[in-house]
Amino acid sequence: MKFYFAPMEGLTDYIFRNTHHRFFPGLDRYYTPFLSPTADGRFDRKAFRDVLPENNAGVPLVPQLLTRHSQDFLWAAKLLAENGYSQVDLNLGCPSGTVVAKGKGAGQLRDLAALDRFLDEIFSQSPLPISIKTRLGVQDDGEFPALLEVFCRYPVAEFTVHTRVREDFYRRPARPERFRLALERCPFPLCYNGDILNLADFRCFQAQFPAFCGVNVEETPGQAAHAEGLAGGGAVMLGRGLVADPALFLRCKNGTSADKNVLKAYHDTLFENYCSAFGNARNAMSRMKEFWFYHSALFVGGEKLFKQLRKSTDVGIFRTIVSRIYNELDLREDGTKPAW
Ligand SMILES: Cc1cc2nc3c(=O)[nH]c(=O)nc-3n(C[C@H](O)[C@H](O)[C@H](O)COP(=O)(O)O)c2cc1C
């Protein structure tokens with residue numbers, strides 16, 4: 001079973017990925033948050049920093065693109081190939097109102113004929129193998145079979161299914177049972193994504209899809225057939241749960257949980273790396289608050305401290321509260337208990 005870090009805009013940038021990889025090595029792959037290629041054939045300079053090879057040395061990385069224009073996808077894929085990448089990912093899941101209104105992300109799932117044309121153009125000309133990350137549909141998951149029919153016409157390098165529809169945003173629960181259809185129909189490698197937030201969630205997923213996860217293969221011949229076609233078994237992509245608990249993939253793999261001292265060192269290094277990159281500790285603190293939005297779910301109690309943390313505007317006070325959190329609060333033994 002392979003484990004990937006999901007792309008998360010505003011969180012999993014190169015500074016975050018490098019720091020995570022240094023403290024918690026062993027993930028099979030990281031995905032960049034989406035990059036938007038512009039119509040004038042270039043990336044925004046700041047955005048491109050995220051994929052510069054020198055900023056990602058040693059990190060197994062797949063860049064992700066968000067566009068509905070095949071020519072823009074193609075020049076961007078060529079540039080990524082020139083920069084040493086061996087795969088490019090297409091975002092067909094972003095639910096944001098502005099993105100969908102422009103027919104991008106999950107908005108591309110609305111018009112199957114246009115999607116088919118777009119896929120035909122990029123798959124026939126891309127210099128790199130293309131993986132796809134999609135939702136089940138726009139309004140309801142009854143759209144998924146027709147979407148799969150389109151995707152199955154192309155040599156998708158890897159197909160990640162975030163088992164929500166666009167209208168679910170991130171609020172409504174994922175629908176892992178819909179992953180079964182992809183297992184039955186797709187001839188290419190698959191990756192599951194959605195709501196694996198702690199070990200119990202992973203165990204549940206394993207119980208639901210044992211062969212995909214590489215367990216009890218003989219008990220489920222249908223799934224076994226698919227699993228056998230995948231080198232090394234299936235893959236899961238972890239997002240919010242892995243931000244919250246940076247060792248979540250290790251818990252899932254072999255039951256190892258992160259030590260509090262390691263978590264504190266990880267946190268402090270991340271903060272320092274943001275301070276250096278931003279040249280401004282207050283901006284770095286704001287970014288760390290995004291991290292804490294998820295990470296706080298790994299601790300028992302501490303509501304008062306977390307409220308103080310959210311409200312702090314002074315970097316010194318922020319650091320003091322962070323130290324108190326790691327010193328005074330216990331980690332949840334069973335992992336993240338999310339309130340998001
Ligand atoms: C803040 C945030 C930013 C995200 N940014 C991206 C993105 O850039 N590209 C993408 O494909 N998905 C993005 N996602 C979706 C995640 O990759 C993932 O599909 C989703 O969080 C479900 O997985 P999880 O339940 O493990 O968190 C984002 C999600 C969140 C919460």
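In the block above lies the structure referred to throughout.
Residues numbered from 1 in each chain as written. Predicted model: local features only at pLDDT ≥ 70, side-chain atom pairs only at ≥ 80, totals over all residues. Heavy atoms only, no water.

Draft legend 1. Focus on the pairing of strand S5 (residues 130-134). Most of S5 sits out of view: five of its five residues are buried. Residues Ile130, Ile132 and Thr134 line one face of S5 and the alternating positions Ser131 and Lys133 line the opposite face, and both faces are buried. Where strand S4 (residues 88-92) and S5 come together, five bridges link them in parallel fashion. Looking across to S5, one finds that Asn91 is bridged to Lys133. (Buried < 20%, exposed > 50% of the residue type's maximum accessible area, 1.4 Å probe, protein only. Helix = DSSP H or I, 4+ residues; strand = E, 2+ residues; numbered from the N terminus. Pairing = 2+ DSSP bridges.)

Draft legend 2. Fine view of helix H12 (residues 260-278). Between the first and last C-alpha of H12 there are 27 Å, a value that for 19 residues agrees with the 27 Å anticipated at 1.5 Å per step. Residues of H12 that are buried: Leu263, Tyr266, His267, Thr269, Leu270, Phe271, Tyr274 and Cys275. Residues of H12 that are buried sit in contact with helix H1 (14-23), helix H13 (281-295) and helix H15 (315-328). A side-chain oxygen of the first residue of H12 lies 2.8 Å from the backbone nitrogen of Asn261; this N-cap is Asp259. (Expected span 1.5 Å × (residues − 1). Contact = heavy atoms within 4.5 Å. Polar contact = N/O pair within 3.5 Å; in protein donor to acceptor, adjacent residues only side chain to side chain.)

Draft legend 3. Representation of the sheet that holds strand S3 (residues 61-65). Around the barrel, eight strands lie side by side as S1-S2-S3-S4-S5-S6-S7-S8; this closed barrel has parallel pairing. The average undirected angle you get between the axes of adjacent strands in this sheet is 25°. Taken together, the four bridges between strand S6 (residues 159-162) and strand S7 (residues 190-193) define a ladder with parallel strand orientation. What sits directly across from Val161, in S7, is Tyr192. (Axes fitted to C-alpha atoms, helices over the stretch in contact; angles between N-to-C directions.)

So yeah, pure geometry; function would need other evidence.
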